[in-house]
Amino acid sequence: MEKKISRKFCVAPMMGYTTPYARNLYRILSKKAFLFSEMIATKTLIHAKNTQSIIANNKQNPIALQVGGSEFKDLSKCSKIAYELNYDEINLNVGCPSKAVQKGSFGACLMKDKTLVKNCLEAMQINKNIEVSIKCRIGLGKEFNYDYFESFIDEIIKSGVKIIYVHARNAILTGVSPKDNRNIPPLNYEFIKKIKLKYPSITFILNGGIDSIEKALNLSKLYDGVMLGRLIQNNPFCLKDVDYLFYNESNKYKVSEKTVKEYFNFIKPQIGKDSIYRLLSPLLNIFFGIPNGKKFKIDVHSNMKDSNFDVLEKIFLNFIEEKKISIN
Ligand SMILES: Cc1cc2nc3c(=O)[nH]c(=O)nc-3n(C[C@H](O)[C@H](O)[C@H](O)COP(=O)(O)O)c2cc1C
């Protein structure tokens, strides 16, 4: 039976941020948001031994594993791994403009070879229980060119792919850093509106520059779904309103001592296996925008070097007790 999964609100893949620990926090705050792993190169996924701290999926569904690569055999193998790890979806990264990624012949530079992308997506389709999707840009270089975008989509959907996440900016492959590639090329949501008219049965998820939950909610009514990156990177706690606002759940999630305890229960078995910073950083954003939150943040940082997780948990619990009202 086909799984019915909503992608109305998606958390974008972000290297260094959408770790299994962060995803666990996201899942505590929202049961419905569609999550993504960080991007992992196909060769790393297949050959490296230590990939658990990127790919572990502890019942974080609905969730996609994002890979970067362009070799068919490797991509097929990765789909099998994603399926075995109980991912709902495997996603091909055709949006990353970094030099390293271009050297490995994947990411945004693949937009130059739409037939190769179509063949990659075909190779990834191993069975009906794992969806195959793509995340791409609207074009390459400095100029907008709708025809280029349309002909890319025309070709890749021949693979049978039904879900396309679009970062609604071009990627500039030379002279602009990955960070600037998220700001300098202008946004153009119209491309997604227009392509949807041509392919109403394909799910197009809008990504890029959605910097508030209110904006996300309005856009989610005009597009098949929205994907947010930096807003969640800076303030993952805004996910607490997503099930209520986007999925009509009757109650808003309230951040409480239980939130902190659930999070610590998840990371405690990982102590010593991953860096304390990766384990704790998702929770540090709880101080974001809260009056006098800085004081707690400093306290956490000064206790991080001793790795005393009981003390650290206590600081977070005290913070919640004191600031519950401002957080919620
Ligand atoms: C720190 C960081 C890491 C990112 N890593 C990835 C990645 O691994 N794969 C990917 O497709 N996009 C990656 N992106 C791009 C985001 O998924 C997203 O497309 C971009 O940030 C635009 O969305 P936003 O304006 O909501 O942030 C990254 C973005 C940031 C800020």
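The structure displayed is predicted, hence computed values, not measured ones.

Quick notes on the rules
- Residues numbered from 1 in each chain as written.
- Predicted model: local features only at pLDDT ≥ 70, side-chain atom pairs only at ≥ 80, totals over all residues.
- Heavy atoms only, no water.
- Helix = DSSP H or I, 4+ residues; strand = E, 2+ residues; numbered from the N terminus.
- Rg over C-alpha atoms; globule rule 2.2 N^0.38 Å.
- Contact = heavy atoms within 4.5 Å.
- Areas by Shrake-Rupley, 256 points an atom, 1.4 Å probe, with all protein chains shown as cover.
- Lys, Arg positive; Asp, Glu negative; His and termini not counted.
- Charge placed at Lys NZ, Arg CZ, Asp CG, Glu CD.
- Domains from an automatic or database assignment.
- Buried area = accessible area lost by both parts, 1.4 Å probe.
- Salt bridge = Lys/Arg side-chain N within 4 Å of Asp/Glu carboxyl O.
- Buried < 20%, exposed > 50% of the residue type's maximum accessible area, 1.4 Å probe, protein only.
- Pairing = 2+ DSSP bridges.
- Right-handed = clockwise from strand over helix to strand, strands pointing away.

A short note on the overall build of the protein chain
In step 1: Broken down by element type, the protein chain carries 15 helices and eight strands.
In step 2: A compact globule built from 328 residues would reach a C-alpha radius of gyration of about 20 Å, and the protein chain, at 20 Å, matches this within 12%.
In step 3: When its C-alpha atoms are laid out on the principal axes, the protein chain stretches across 55 × 45 × 45 Å.
In step 4: Of the contacts formed within the protein chain by residues at least 6 apart in sequence, a portion of 72% connects residues at least 24 apart.
In step 5: When the accessible surface of the protein chain is split by element, carbon and sulfur atoms take 51% of a total near 15,300 Å².
In step 6: Distance between charge centres in the protein chain, computed from 50 positive and 32 negative side chains, equals 1 Å.

Here's the deal with the domain arrangement of the protein chain
In step 1: When cut into domains, the protein chain gives domain 1 (9-246) and domain 2 (257-327).
In step 2: Centre-to-centre separation of domain 1 and domain 2, based on C-alpha positions: 29 Å.
In step 3: Counting the surface lost from both domain 1 and domain 2, the interface buries some 1,400 Å², and carbon and sulfur atoms represent 67% of this.
In step 4: Interface area lost by domain 1 to domain 2 is led by Tyr21, Ile28 and Phe237, which between them contribute 44%.
In step 5: At the boundary of domain 1 and domain 2, one finds one salt bridge.
In step 6: Between Glu38 and Arg278 there is a salt bridge whose closest N-O contact spans 3.3 Å.

Considerations on the pairing of strand 4 (residues 89-94)
In step 1: With six of six residues buried, strand 4 is to be regarded as a mostly interior element.
In step 2: The side-chain alternation of strand 4 yields two buried faces, one formed by Glu89, Asn91 and Asn93 and the other by Ile90, Leu92 and Val94.
In step 3: Sheet analysis places strand 3 (residues 63-68) next to strand 4, joined by four bridges and oriented parallel. Bridge pairing in strand 4 places Gln66 opposite Asn91.
In step 4: Note on the crossover from strand 3 through helix 4 (residues 72-84) to strand 4: the handedness is right-handed.

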